[in-house]
Amino acid sequence: MGTCEEFYSTNSPPNDYEEKQKLLREFCELHIKNKQYIVLITSGGTTVPLEHNTVRFVDNFSGGVRGAASAEYFLKSGYAVIFLHRLKSLEPFTRHFSGQKFLEMLDLDEKQSSIKVKSTFVDTVAPILRSYKAAQEGGKILYINFTTLSEYFWLLRAACESLYDFGPHALLYLAAAVSDFFVPPNEMATHKIQSGSGPPKIQLQLVPKLLAPIVNNWVPNAFIVSFKLETDENILISKSRGALNKYKHNLVIGNMLQTRRTRVIFVSPDNQEEVKLSREQIIDGIEIEKKIVHKVVTEHCKFIQKQS
Ligand code: PAZ
């Protein structure tokens, strides 16, 4: 596996990198003045292009529910939010209106000259709209998008650099599904891979782990939470604890692909705790992110108190 430095020296920044870097800097400058708590949420999956002129890429399942829902609960808890997400993955607030659901909520009036929300949906839409407006008008959320693994690398580093001065008031909530494998640029085809040349032999390389520089160099005083996804329950705890021991950050939240909407496990240096939705909570439409964020915020506050 190459190092992170090698990765940055061989993968160019995104075209709009400087623009996004500036947005991140300005957002952080604004919020540091008020000694604001701030969270960087990563959300959605990275792509791994197979060609420089990309037609095909390796992708993953993550649609960004965890990140988008969590962003809403962090805003409710008073945090400023940097939402570093995969382009076209779910976003806070609009996630409630995706697809046909949105049109189902609307009605044309009798003269067909105006559109309104059906009365049965007003109680659902109003609080979401209120929270959305409060976040937008208060400048409480910054949306930064990525698509490829390399864009994610560059933008995550830029976001961390902007957060350095927040010290322990910064919280990293790394929920994105980041590819473990990639094709280095010098081994990537330039143009669309042709089927006429037979089955392609694509050798994927290991992606260097970003947690090491995040914890040791970029935001050494921040409260850092990573997520660990597995599909085999037998290795979930050992892999989560392994990551915690290796990178020495604050918390790993383990989850299983199959049950991630209703159960997670908090693994910290001295504890391990399951967080679950009860049957009643599932029926009532409670989201597990509400419980996760509540617990993370509690741990973050304790962490800040310890530092001061
Ligand atoms: O995007 P989503 O809500 O469907 O899934 C969330 C998740 C499973 C990607 C997240 O909870 C997670 O575990 N992220 C880290 C994945 C990993 O690199 O292990």
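Check the entry above for the structure.
Residues numbered from 1 in each chain as written. Predicted model: local features only at pLDDT ≥ 70, side-chain atom pairs only at ≥ 80, totals over all residues. Heavy atoms only, no water.

1. Observations concerning empty space enclosed by the protein
(1) Moving on: For the structure on display, the rule yields one cavity of 30 Å³ or more.
(2) Moving on: As a volume, the largest cavity reaches approximately 40 Å³.
(3) Moving on: Taken together, Leu 163, Tyr 164, Gly 167, Ala 170, Val 219, Pro 220, Asn 221 and Ala 222 form the lining of the largest cavity.
(4) Moving on: Looking at side-chain class alone, the lining of the largest cavity contains six nonpolar, two polar and no charged residues. (1 Å grid on protein atoms, 1.4 Å probe; cavity = no way out; pocket = protein on both sides within 12 Å on 5 of 7 lines; lining within 4 Å. Points joined across faces, edges and corners; volume = space filled by probe spheres on them. Nonpolar A, V, L, I, M, F, W, Y, C, P; charged D, E, K, R; others polar.)

2. Examining the packing of helix H2 (residues 17–32) against helix H6 (residues 149–163)
(1) Moving on: For the pair H2 and H6, the least separation of the axes is 9 Å and the interaxial angle reads 25°. Between H2 and H6, the angle is such that the two are roughly parallel. Judged by the twist between their axes, the crossing of H2 over H6 is right-handed. Residues Tyr 17, Lys 20, Gln 21, Leu 24, Arg 25 and Cys 28 of H2 touch H6, and the partners they reach there are Trp 154, Leu 155, Ala 158, Ala 159, Ser 162 and Leu 163. (Axes fitted to C-alpha atoms, helices over the stretch in contact; angles between N-to-C directions. Helix = DSSP H or I, 4+ residues; strand = E, 2+ residues; numbered from the N terminus. Parallel < 35°, antiparallel > 145°, perpendicular 65-115°, else oblique. Left-handed = near helix turned anticlockwise from the far one by under 90°. Contact = heavy atoms within 4.5 Å.)

3. Digging into unusual backbone geometry
(1) Moving on: Non-glycine residue Lys 88 carries a positive phi angle of around 70°.
(2) Moving on: Within the element layout of this structure, Lys 88 appears in the loop between strand S4 (80–86) and helix H4 (100–104).
(3) Moving on: Phi at Lys 248 is positive, roughly 60°, even though this residue is not glycine.
(4) Moving on: If you trace the backbone, Lys 248 turns up in the loop between helix H8 (233–247) and strand S12 (251–256).
(5) Moving on: Note on Lys 248: relative accessible area 62%, which makes it exposed. (Buried < 20%, exposed > 50% of the residue type's maximum accessible area, 1.4 Å probe, protein only.)

4. Some details on the packing of aromatic side chains
(1) Moving on: Counted according to the given criterion, the structure contains 15 aromatic pairs.
(2) Moving on: Taking the centre distance of 6.3 Å and the plane angle of 70° together, the rings of Tyr 8 and Trp 218 count as edge-to-face. You can see Tyr 8 sitting in helix H1 (residues 4–10) and its partner Trp 218 sitting in helix H7 (residues 211–218), a full 210 residues away along the chain.
(3) Moving on: For Trp 218, a relative accessible area of 11% gives the class buried.
(4) Moving on: A ring pair is formed by Phe 223 and Phe 303, whose centres lie 5.0 Å apart and whose planes are at 55°; its orientation type is tilted. Highlighted residues: Phe 223 in strand S11 (residues 223–230) and Phe 303 in helix H10 (residues 288–307), separated in sequence by 80 residues. (Phe/Tyr/Trp six-rings, centres within 6.5 Å; stacked < 30°, edge-to-face > 60°.)

5. Concerning the layout of surface pockets
(1) Moving on: Estimated volume of the largest pocket: approximately 1,200 Å³.
(2) Moving on: The wall of the largest pocket is formed by 46 residues, among which Ala 176, Ala 177, Val 178, Asp 180 and Phe 227 lie closest to the centre.
(3) Moving on: Contributions of two or more residues to the lining of the largest pocket are made by strand S1 (38–43), helix H3 (65–76), H6, H7, S11 and H8.
(4) Moving on: By residue class, the composition of the lining of the largest pocket is 23 nonpolar, 13 polar and ten charged.
(5) Moving on: Roughly 520 Å³ of internal volume is contained in the second largest pocket.
(6) Moving on: What lines the second largest pocket is a set of 26 residues, among which Ser 12, Pro 49, Thr 148, Ser 150 and Glu 151 lie closest to the centre.
(7) Moving on: For the lining of the second largest pocket, the secondary-structure elements that each account for two or more residues are H1, strand S2 (48–49), strand S7 (141–146) and H6.

6. Some details on the site of the ligand
(1) Moving on: The local shell around the ligand holds 14 residues, among which Ser 62, Arg 66, Leu 229, Asn 255 and Arg 261 are the closest.
(2) Moving on: Relative to its free-state accessible area of 470 Å², the ligand is covered by the protein chains to the extent of 90%.
(3) Moving on: The cavity that encloses the ligand is the largest pocket.
(4) Moving on: At the level of secondary structure, the elements contributing two or more residues to the shell around the ligand comprise H3 and S11.
(5) Moving on: Each residue belonging to the shell around the ligand can be placed in one class, and the counts come to six nonpolar, four polar and four charged. (Near = heavy atom within 4 Å. Areas by Shrake-Rupley, 256 points an atom, 1.4 Å probe, with all protein chains shown as cover. Sits in = over half its atoms within 2 Å of the grid points.)

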